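Each chain, letter by letter, is given below.
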Amino acid sequence: MRVVTVPCLSDNFAYLIIDGGRAVVVDPSEAAPIEELLPKENVTLAAIWLTHHHWDHVGGVEELVKKYPGIDVVISKIDAEKLKADTRKCVTKLVEEGDRVALANIVAHVIHNPGHTLGAVSYHIPDHPVGSGSVFTGDTLFAAGCGRVFEGDPAMMYASLLKLADLPDRTKVYFGHEYTVANLKFAAAAEPDNGAVKAWQARLHQPSTPSTISEERAVNPFIRAGSAEEFARRREWKNTFK
Ligand SMILES: [Zn+2]
């Protein structure tokens, strides 16, 4: 398995997950960059896996399905309801916590992580080979940050982040936006004495994806909040932090 990062729009990431000659695309916010990349990578598109219903994660779905008819389109049951009708018609599989989706030998476990949206999911591909698991987190977990709590409440989002933080240390985290510079700046304000934040700032390059679960445990001020109340306070603070 290999993963190719596809920058989209101004700061979004879509990802190609490739096994042999076939690929899944995670969160295609637009179709053109994906269509350009497929022949370059010498792969055909087999499926679209969506982390949540927001336009800047699903915007390319209709065009991709028109161009590659018959591909699978996966989203949670809950978020499917919020898609616009023409996009919803493209969906072929509704998932929830514990479901599995596959591309040939690659099997992803669906983790329901509500908070940013009520039906937000991550796709976790366990070790393959051992020690190199991956998780595609959309707008729930970012490098050194997290998405805004739009549909759930802070306790729900905090529980979702802790669930992701429980994945094995070396799991690579493929997140939905390049917000890492601003997130690290906030992390440094939230925990001025955390040396791991400064170390990450010093080695930061762009694109910054993927991070790892152990980096998130060491640096992410939302995972490190310690309680749902502290999480809520930090999330509120970050909403207006410059
Ligand atoms: Zn979103």
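A brief report on the enclosed structure follows. Please read all numbers here as calculations on a predicted model, not as lab measurements.

### Section: the overall build of the protein chain
- Along its length, the protein chain carries ten helices and 14 strands.
- Reported as C-alpha extents along the three principal axes, the dimensions of the protein chain are approximately 50 × 35 × 30 Å.
- Counting all 242 residues of the protein chain, 54% fall into the buried class.
- Surface exposure of the protein chain reaches about 10400 Å², of which carbon and sulfur atoms provide 53%.

### A short note on the coordination of the zinc ion
- The coordination sphere of the zinc ion, as far as protein atoms go, consists of H52 (NE2), H54 (ND1), H116 (NE2) and D139 (OD), spread over 2.2 to 2.3 Å.
- Taken together, the four donor atoms coordinating the zinc ion span angles of 90 to 169° at the metal, a pattern that classifies the geometry as irregular.
- Linear spacing of the donor residues for the zinc ion on their chain is H-x1-H-x61-H-x22-D. Separated by 23 residues along the polypeptide, H116 in the loop between β8 (106–112) and β9 (121–125) and D139 in the loop between β10 (134–138) and β11 (141–142) bring together distant segments of the chain.

### What to know about the side chain of H177
- Among the secondary structure elements, H177 is positioned in the loop between β13 (172–175) and α7 (180–190).
- At 3.2 Å, the side chain of H177 and the side chain of D56 are in polar contact.
- Polar contacts involving the side chain of H177 include one to the side chain of D139, which spans 3.4 Å.
- Setting aside residues up to four positions removed in sequence, H177 forms contacts with D11, N12, F13, D56, H57, D139 and F142.

### Focus on the packing of aromatic side chains
- Enumeration over the complete set of coordinates arrives at 13 aromatic pairs.
- Aromatic pair F142 and Y179: ring centres 5.1 Å apart, planes at 80°, arrangement edge-to-face. Linking F142 in strand β11 with Y179 in the loop between β13 and α7, this pair joins segments that are 37 residues apart in sequence.
- The exposure class assigned to Y179 is partly exposed, which follows from its relative accessible area of 32%.
- Among the aromatic residues, those joined into a cluster by ring pairs are Y158, F186, F222, F231, W237 and F241.

### Points about the sheet that holds strand β4 (residues 44–49)
- Pairing is mixed in the open sheet, where six strands are placed in the order β1-β2-β3-β4-β5-β6. The open sheet is flanked by β1 (2–8) and β6 (93–95), the only strands paired with a single partner. With direction set aside, neighbouring strand axes in the sheet form an average angle of 25°.
- Sheet analysis places strand β2 (residues 12–19) next to strand β3 (residues 22–26), joined by five bridges and oriented antiparallel. Looking across to β3, one finds that I18 is bridged to A23.

### Observations concerning unusual backbone geometry
- The linkage connecting Q206 with the following residue, P207, adopts the cis geometry, with an omega of -5°.
- Locating P207 in the fold gives a position in the loop between α8 (195–203) and β14 (211–212).
- Notably, L9 is not glycine yet its phi reads approximately 45°, a positive angle.
- Here L9 lies in the loop between β1 and β2.
- Residue class for L9 comes out partly exposed when judged on its relative accessible area of 39%.
- One non-glycine residue, N42, lies in positive phi territory at about 60°.
- Its location among the elements puts N42 in the loop between α1 (32–41) and β4.

### Some details on the pairing of strand β7 (residues 100–103)
- The side-chain alternation of β7 yields one buried face, formed by V101 and L103, and one unburied face, formed by R100 and A102.
- Where β7 meets β8, four bridges bridge the pair, whose relative direction is antiparallel. Residue A102 lies in a different strand from β8, and its bridge partner there is V107.

### What to know about the sheet that holds β10
- Strand order in the open sheet formed by six strands is β7-β8-β9-β10-β13-β14, with mixed pairing between adjacent strands. Only two strands of the sheet have a single neighbouring strand rather than two, namely β7 and β14.
- In terms of strand pairing, β10 meets β13 through four bridges, oriented parallel. Considered in β13, the bridge of S134 is made with K172.
- Along the sheet, helix α6 (residues 154–165) makes contact with β8, β9 and β10, crossing β8 at roughly 150°.

Thresholds applied
- Residues numbered from 1 in each chain as written.
- Predicted model: local features only at pLDDT ≥ 70, side-chain atom pairs only at ≥ 80, totals over all residues.
- Heavy atoms only, no water.
- Helix = DSSP H or I, 4+ residues; strand = E, 2+ residues; numbered from the N terminus.
- Buried < 20%, exposed > 50% of the residue type's maximum accessible area, 1.4 Å probe, protein only.
- Areas by Shrake-Rupley, 256 points an atom, 1.4 Å probe, with all protein chains shown as cover.
- Donors = N, O, S within 2.8 Å, 3.2 Å for Na, K, Ca; no water.
- Tetrahedral: all angles 85-135°; square planar, octahedral: opposite > 155°, others 65-115°.
- Polar contact = N/O pair within 3.5 Å; in protein donor to acceptor, adjacent residues only side chain to side chain.
- Contact = heavy atoms within 4.5 Å.
- Phe/Tyr/Trp six-rings, centres within 6.5 Å; stacked < 30°, edge-to-face > 60°.
- Pairing = 2+ DSSP bridges.
- Axes fitted to C-alpha atoms, helices over the stretch in contact; angles between N-to-C directions.

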